[in-house]
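# Coordinate analysis (summary)
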Amino acid sequence: MGELDRPVPHPWNRSFTWQDHAGPFRTITEDQAAAFDRDGFFVLEQVFDADEVAAIRAAIAPGDAKVRELLAMVPDGRISVAGLDTQIVAPHLVCIDDHLREVCAHPTLVGVCADLMGPDVRLYWEQAVNKQPDSAAPVLWHQDNGYTYVEPQDYLTCWIALTDATPDNGCIEVMAGAHRQGTLAHRDTPIGFECWGDHATAVSVPVRAGDVVVFSSLSPHATGVNTTDAVREAYIVQYAHDGAIGRMPGADGEPGDPIPLDEPTRQFPVLVNGVPVPPPPR
Ligand SMILES: O=C(O)CCC(=O)C(=O)O
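The sections below set out a description of the structure shown in this document.

Calculation notes
Residues numbered from 1 in each chain as written. Predicted model: local features only at pLDDT ≥ 70, side-chain atom pairs only at ≥ 80, totals over all residues. Heavy atoms only, no water. Buried < 20%, exposed > 50% of the residue type's maximum accessible area, 1.4 Å probe, protein only. Helix = DSSP H or I, 4+ residues; strand = E, 2+ residues; numbered from the N terminus. Pairing = 2+ DSSP bridges. Core = buried A, V, L, I, M, F, W, Y, C linked by side-chain atoms within 4.5 Å. Expected span 1.5 Å × (residues − 1). Bend = angle between axes of the 7 residues up to and from the residue. Near = heavy atom within 4 Å. Polar contact = N/O pair within 3.5 Å; in protein donor to acceptor, adjacent residues only side chain to side chain. Areas by Shrake-Rupley, 256 points an atom, 1.4 Å probe, with all protein chains shown as cover. Contact = heavy atoms within 4.5 Å. Axes fitted to C-alpha atoms, helices over the stretch in contact; angles between N-to-C directions. Salt bridge = Lys/Arg side-chain N within 4 Å of Asp/Glu carboxyl O. Phe/Tyr/Trp six-rings, centres within 6.5 Å; stacked < 30°, edge-to-face > 60°.

## Describing the pairing of strand β15 (residues 232–241)
Among the 10 residues of β15, 10 are classified as buried, and the element is accordingly described as predominantly covered. Relative to β15, strand β8 (residues 156–161) is paired through 6 bridges, and the arrangement is antiparallel. Following the sheet pairing, T157 is matched in β15 by Q238.

## Details of the nonpolar core
Generally speaking, nonpolar side chains in soluble globular proteins are found buried as a group. Core analysis: the biggest nonpolar cluster contains 69 residues, and W159, Y235 and Y239 have the highest contact counts within it. Judged by nonpolar contacts, the second largest core, of 8 residues, contains A178, L184, C195 and A222.

## Quick notes on helix α2 (residues 50–71)
If you check α2, its first and last C-alpha atoms are 30 Å apart, about what 22 residues at 1.5 Å a residue would give, namely 32 Å. For α2, the principal kink sits at A61 and spans about 35 degrees; a proline, P62, occurs within the next four residues. All of the buried residues in α2 are V53, I56, A59, I60, G63, D64, V67 and L71.

## What about the site of the ligand?
Surrounding the ligand, one finds Q127, V129, K131, V139, H142, D144, W159, H221, T223, R232 and I236. Within the side chain of H142, one N or O atom sits 2.9 Å away from an oxygen atom of the ligand. Within the contact set of the ligand, an oxygen atom lies 2.8 Å away from a side-chain nitrogen or oxygen of T223. Surface burial for the ligand is 93%, taken as the share of its 290 Å² of free accessible area covered by protein chains. If you tally residues by element for the shell around the ligand, the top one is strand β5 (residues 121–131), at 3 residues.

## Here's the deal with the side chain of S219
In this fold, S219 is placed in the loop between β13 (212–216) and β14 (221–223). Setting aside residues no more than four positions away along its own chain, S219 makes contact with G40, H142, Q143, V174 and H179.

## Let's talk about the sheet that holds strand β16 (residues 245–247)
Strand order in the open sheet made by the 3 strands is β7-β16-β17, with antiparallel pairing throughout. Whereas interior strands pair on both sides, the edge strands pair on one side only; in this sheet they are β7 (149–151) and β17 (259–260).

## Quick word on the sheet that holds strand β12 (residues 203–205)
Taken in spatial order, the 4 strands make up an open sheet running β6-β14-β9-β12, and their pairing is antiparallel. The outermost strands of the open sheet, each flanked by one partner alone, are β6 (139–142) and β12. Averaged over all pairs of adjacent strands, the angle between their axes in this sheet comes to 20 degrees, without regard to strand direction. Relative to β14, β6 runs antiparallel, the two being bridged by 2 bridges. Residue pairing in the sheet places H142 in a bridge with H221 of β14.

## With respect to the pattern of salt bridges
The final tally for this structure, using the stated rule, is 11 salt bridges. D39 serves as the salt-bridge partner of R38, at 3.0 Å between the closest nitrogen and oxygen. Across the salt bridge formed by R57 and E233, the nearest N and O atoms sit 2.9 Å from each other. Separated by 176 residues along the polypeptide, R57 in helix α2 and E233 in strand β15 bring together distant segments of the chain. E233 sits in the buried class, given a relative accessible area of 12%.

## Quick look at the environment of I60
Relative to the helices and strands, I60 is located in helix α2. What makes I60 buried here is its relative accessible area of 3%. Sequence separation of I60 and S80 is 20 residues, and the distance between their C-alpha atoms is 21 Å. Setting aside anything within four residues of it in sequence, one finds I60 in contact with L93, L100, A128, N130, L162 and Y235.

## Re the packing of aromatic side chains
One pair of aromatic rings is described through two measures. These are the centre distance and the angle between the planes. Under the criterion given, the structure shown has 6 aromatic pairs. A ring pair is formed by W12 and Y149, whose centres lie 5.1 Å apart and whose planes are at 70 degrees; its orientation type is edge-to-face. Linking W12 in the segment before α1 (30–39) with Y149 in strand β7, this pair joins segments that are 137 residues apart in sequence. Classification of Y149 as buried rests on a relative accessible area of 2%. When the ring of Y124 is compared with that of W125, the centres are 6.2 Å apart and the planes differ by 50 degrees; the resulting orientation is tilted. What links up through ring pairs into an aromatic cluster is the set W18, F36 and F42.

Here's what the structure looks like:
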């Protein structure tokens, strides 16, 4: 059996133990916290209303257009998971848009951070993922911590649906419960990193525009191809523990030097001593 046929630990993941969350919870419910510990995800319904969704989509549009221009200059219009014919992936939009900085510091999202991560949390990464109509390739099974290996391994992803997401246009699928094993082995493929996962036993998570799928950086997830004629849009915001570091492999495959995750323009604090803080000016 290969290492993608079953959940095999990442070679650097030698002693991970999932810590259940005890509360008290201020933003999420006891049931949502229990679902997070058991399944590795839950859905917050209608965090953003239609006007707010429209504002986020408008804020993303210039970054999406810029990434399209870049992809048009590379062979086949593809770079790893991103592609003109698959999904436009536009990262670091908080560097060019003030509204998206506010979205990343949204009281509900930061409240979730306080309940599941607190007391000191930073924005780690954010990106728009616009899955193209009749898209040519899926997003393969992966854990967010399978790309850059972050320590502590458990950070938080808030997947904000900007259009309704369905099995037909590529909603999130999750391998419920697998987050408890920590980071799994991944391989690099031409369309992104891939770990173990199984569509037959996965949980499909259809959501409406304005809903947020909250999941762990350790939850194996995937999205299928978009078989519809409309773009499926999402804005993905990730939060890490203050002081977390990233590691990339050295030539020998062992962990490279720690990479600080505190780049001030885009990895700003959102929670300090348990208190939400506004985004700093650009
Ligand atoms: O939005 C998608 O289709 C998948 C995005 C994703 O899995 C990610 O950004 O890690």
